[in-house]
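Below are the chains, spelled out letter by letter.
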Amino acid sequence: MNIAEYAIDRKVITVVMTLVLLVGGGISYTELSRLEDPEFTIKEALVVTHYPGATPLEVEQEVTDLLETEIQRMGQLEEIASVSKAGLSIITVTIKDQYDKFTLPGVWEQLRRKVHDAQRQLPPGAEASRVLDDFGDVFGVLLAITGDGFSDKEIYEYAKFLRRELLLVRDVAKVDLWGVQPEAIYVEFSRARLAQFGISQAEVYGKLRQQNTVVAAGRLQVGGDYVRIDSPVGIGAVRDIENLILREAGAGGAKLIYLRDVARVSREYLSPPAQVLRFNGAPAVSLAISTVTGGSVTELGADVAARLETLRAQTPVGLEVHPVYMQPEIVAEAIGTFTVNLMQAIAIVIVVLLIFMGLRAGLIIGGVLVITVIATFILMRLTDVALERVSLGALVIALGMLVDNAIVVTEGMLVRIQAGVRRLQAAREAVGQTLWPLCGATVIAILAFAAIGLSQDDTGEFCLSLFQVMLFSLTLSWIIAVTITPLLCYWLLPGPAAEGAAPTALKDVYGGPLFSRYRRLLEACLRRRWLTLGVMAALLSAAVYGFFQVQGSFFPKSTMSKFMIHYWLPEGTDIRKTFADVQVLEQAVLADD
C-alpha cells in the first residue's frame with residue numbers, strides 16, 4: 001500500500017489532518033510577529049575615548065595605538081579602523097560574519113574586557129573608554145512632547161514619567177530620551193574678591209568637592225540591636241551653595257566668608273546645548289521606543305497607544321504628546337498590501353488553473369495551494385519567522401512552484417481515469433510513479449535558495465526568512481501533494497471508483513486540438529534540432545546580457561510620506577550656529593503647503 005492508497009483508505013485521518021492545517025494555520029497567522037523588515041545584527045562596535053587638550057598626534061600615539069594593540073588580540077576580529085581627532089579617539093571594530101545575534105553578545109563582552117585591561121596604560125588625562133555596540137536597536141515608535149508655556153525642565157520631568165510608565169508595556173525593550181536640555185549650576189568667581197580675602201580657586205574647589213560626599217557615620221548599639229546613624233549632609237539648591245562657608249575672617253573669627261561673597265551662583269541650562277529638538281517649531285523632548293527581539297511592532301504600537309490613553313488623565317493641561325514616527329502603522333499598511341498581493345496572486349493562479357485544467361481539477365489544485373500556504377504559517381510560527389517584506393515576498397515567489405507537485409499528481413490521476421482506470425488504482429499509479437521524482441525536484445528547488453539561507457554575511461542574515469519560507473512551503477507542497485491531493489481527486493474527479501464499476505469510455509486523452517498542435521511544434525523542433533539549439537543559445541545570451549543591464553537595488557524605493565534634510569557645517573562649528581541655520585530651513589518647510 002503506497003502513500004496515496006493509505007490516505008484514501010484512511011479518509012478520516014486525512015480530513016482531520018487537513019482541518020488541523022487550516023485551523024492551526026489561521027491561528028498561527030494571527031499570532032505571527034509583524035515587522036517592516038527582518039531583524040539582523042550589526043557586527044560593528046565603537047570604542048570612544050576622550051583625551052581633553054591632546055592633539056590628534058598625541059591621541060593617536062598615547063590612546064588609539066594602545067587600544068588597537070589590545071583589541072587586535074581578539075580572534076573574532078575581522079578588521080579594525082580608527083580616527084584620531086583633537087581630544088577624541090574613535091575605533092571601529094568589525095567582527096567576522098559567522099557570529100550571529102546569539103554569539104555576538106559574548107564577543108562584545110570580550111571586547112569590553114580587552115578595553116578595560118588597556119585602561120591602566122592610558123595617560124592620566126584620558127577619560128575611561130566607552131564601548132558602543134547597540135546600533136542594532138530599532139526605534140519603532142518616536143514621540144515628541146511639547147508644552148505651550150512649560151519650561152524645558154517641566155517637559156523633561158513629564159518625559160521621565162512617561163518613560164517609566166512605557167517601560168512597563170509588553171514588548172518594550174528600551175525607551176530613550178532625546179533633546180533633553182540638562183541644567184547646571186554655574187559658579188562665576190570674582191578675582192578681585194578672591195584676592196581681597198586671600199582665597200585661591202583651588203581652595204574653593206576643595207570645599208565644593210567635600211559637599212554631597214556620602215560617608216558612613218557609624219552605628220549605635222541599643223540593647224540587642226544596632227541602629228544606623230544618618231549624617232544628613234549635602235547641598236542641592238542654589239541658596240545652599242551660596243551659603244557655603246569658605247573660612248572665617250579676622251583673628252577672632254567674628255565674620256564668616258561665604259561663597260556668595262566671592263562668586264555669583266546661578267542655575268541655568270547647559271550652554272552650549274549638546275542636542276536640540278523642535279517639533280512644529282516648538283521646543284520638544286522625544287521618546288524613542290524599541291521592540292524586544294522577536295516582538296511584534298504592531299502589537300507594540302497598539303499597547304503603547306492604549307497606555308498613553310490611560311495616562312491622558314495624568315497629563316498636565318498644555319502638555320501634548322505627538323507621534324513623529326509610528327512604524328506599527330507603516331508595518332500594518334505594508335503587511336496589508338503584501339497580504340492583498342498574496343491573495344491576488346493565489347486568485348490568479350487558481351483562475352489560470354480553472355481555464356487550462358478544467359473546473360474540478362482547477363478547484364482541487366487551488367484548494368491544495370490554499371492549504372499549503374496556510375499550513376506554512378504554522379511552521380513560521382514554530383520557528384519564530386515574522387511576517388515582513390522578505391517572508392511575504394517569499395510566499396509570492398513560491399506560489400508558482402507550490403502548485404507543481406499537485407498538478408503532476410492531479411493530471412496523472414486525471415489521465416488515467418479518463419483512460420478507464422479506476423480512481424483508487426489511478427491514485428496508486430500516479431503517486432507511486434511520481435513520488436520520488438517529485439521529492440527530488442522539490443529538494444532541487446529548495447537548494448536553489450539554500451545559498452541565501454546558509455550565507456553567513458549580512459545579506460544571508462537579512463534574507464534568511466526567504467529561504468525558510470521556501471523550505472517550509474515547498475516541503476509541505478510535496479507532502480500534501482501525495483496525501484491530500486489524491487483524496488480530493490478520488491472524491492471530485494469523475495470515473496469508476498471501485499472494482500465492478502463500469503469504466504468510462506476509453507479515449508485518447510492527448511487527442512485534443514491543443515495537444516495536437518503542441519505535438520507538431522515539438523516534432524518540428526526535433527527535426528531542426530541545430531536551429532532549435534541555436535535559438536535557445538541566443539535567448540540564453542540575450543538573457544545574460546539583459547541581466548547585467550537591470551538596475552540593482554537591494555531595498556525597494558521608500559513610499560514613506562517623510563523626507564529628511566541633512567545639514568552639515570565644518571567640524572568645530574558652534575551648535576548654536578547650526579541651530580540658527582536650521583531654524584531658517586524649518587520656517588521655510590513650515591510655510592510650504
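About the cut-offs
- Along each chain, residues carry numbers from 1 onward, in the same order as the chain's sequence is written.
- Local features in a predicted model are, by the rule used here, given only for residues with pLDDT of at least 70; side-chain atom pairs are given and counted only at 80 or more, and totals for whole chains, interfaces and linings are based on all residues.
- Excluding hydrogens and water, the side-chain values take into account all heavy atoms of the structure.
- Here a cavity denotes a set of grid points, spaced 1 Å apart and computed over the protein atoms alone, in which a 1.4 Å probe fits but from which it cannot get out, and a pocket denotes an open set meeting protein on both sides within 12 Å along at least five of seven lines; residues with an atom within 4 Å of a point are reported as lining.
- Grid points are joined across faces, edges and corners, and a volume is the space filled by probe spheres set on the points.
- Labels follow the DSSP assignment, with helices taken as runs of H or I lasting at least four residues and strands as runs of E lasting at least two, numbered in each case from the N terminus.
- Nonpolar cores are built from buried Ala, Val, Leu, Ile, Met, Phe, Trp, Tyr and Cys residues. Side-chain atoms within 4.5 Å join them into one set.
- Residue exposure (1.4 Å probe, protein chains only): buried if accessible area is under 20% of the type maximum, exposed if over 50%, otherwise partly exposed.
- Any two residues whose heavy atoms approach within 4.5 Å are treated as being in contact.
- Two strands qualify as a pair provided DSSP detects at least 2 bridges between them.
- Angles here are taken between N-to-C directions and fall from 0 to 180 degrees, while the axes themselves are lines fitted to C-alpha atoms, restricted in helices to the stretch in contact.
- Patch members must show over 30% relative accessible area and no salt bridge, and they are joined within 9 Å when carrying like charges or within 5 Å when they are nonpolar side chains of Val, Leu, Ile, Met, Phe, Trp or Tyr.
- Computed with a 1.4 Å probe, the accessible areas rest on the Shrake-Rupley method; for each residue, only the protein chains presented here act as cover.
- Take a side-chain nitrogen of Lys or Arg and a carboxyl oxygen of Asp or Glu: if they are within 4 Å of each other, that pair is a salt bridge.
- Charge convention: Lys and Arg are scored as positive, Asp and Glu as negative, and His as well as the terminal groups of each chain are ignored.
- For charged residues, the charge sits on one atom: NZ in Lys, CZ in Arg, CG in Asp, CD in Glu.

Enquirer: What is the right way to read the layout of surface pockets from this model?
Expert: To locate leftover empty space, one rolls a probe as large as a water molecule over the atoms. Taken as a whole, the largest pocket encloses approximately 2300 Å³ of empty space. Considering the residues around the largest pocket, the lining is formed by 37 residues, among which Trp178, Val276, Leu277, Ile565 and Val582 are closest to the centre. For the lining of the largest pocket, the elements supplying multiple residues, two or more each, are β5 (139–147), β13 (278–279), β16 (319–326) and α19 (575–590).

Enquirer: Teacher, can you tell me more about the nonpolar core here?
Expert: In summary, soluble globular proteins display a tendency toward joint burial of nonpolar side chains. Formed by 50 residues in total, the largest nonpolar core has its most connected members in Leu369, Val373, Met380 and Leu399. Elements supplying a minimum of two residues to this core: α10 (327–357), α11 (359–382), α12 (389–418), α13 (423–454) and α15 (464–481). Sort the elements by how many residues they give to this core and α11 lands first, with 10 residues. Residues in contact with valine 373, not counting those within four places in the same chain, are Leu342, Ile346, Leu399 and Leu402.

Enquirer: Can you help me understand the sheet that holds strand β3 (residues 88–95) in this one?
Expert: Within a sheet, neighbouring strands are paired by backbone hydrogen bonds and run either parallel or antiparallel to one another. Across the sheet, which stays open at both edges, the 4 strands sit in the order β2-β3-β1-β4 with antiparallel pairing between neighbours. Every interior strand has two partners, whereas the edge strands, β2 (77–85) and β4 (130–132), have only one. The average undirected angle you get between the axes of adjacent strands in this sheet is 20 degrees. Note that β2 and β3 share 8 bridges and pair antiparallel. By the bridge assignment, leucine 77 is partnered in β3 with isoleucine 95.

Enquirer: Is there a simple way to explain a negative patch on the surface in this structure?
Expert: Taken together, the side chains of Glu44, Glu78, Glu79, Asp97 and Asp457 define an acidic patch exposed on the protein surface. Among the secondary structure elements, aspartate 97 is positioned in the loop between β3 and α4 (104–118). Given a relative accessible area of 38%, aspartate 97 falls into the partly exposed group.

Enquirer: What am I meant to see in the sheet that holds strand β6 (residues 172–178) here?
Expert: With respect to topology, 4 strands assemble into an open sheet ordered β6-β15-β5-β16, the strand pairing being antiparallel. Two strands close off the open sheet at either side, each with one partner strand: β6 and β16. Strand-to-strand, the axes of this sheet are offset by a mean angle of 20 degrees, without reference to chain direction. For β6 and strand β15 (residues 285–291), the ladder comprises 6 bridges, and the chain directions are antiparallel. By the bridge assignment for β15, tryptophan 178 is matched with serine 286. Contacts from helix α9 (residues 297–310) reach β5, β6, β15 and β16, with the element oriented near 140 degrees to β15.

Shape is all these values report; function is a separate question.
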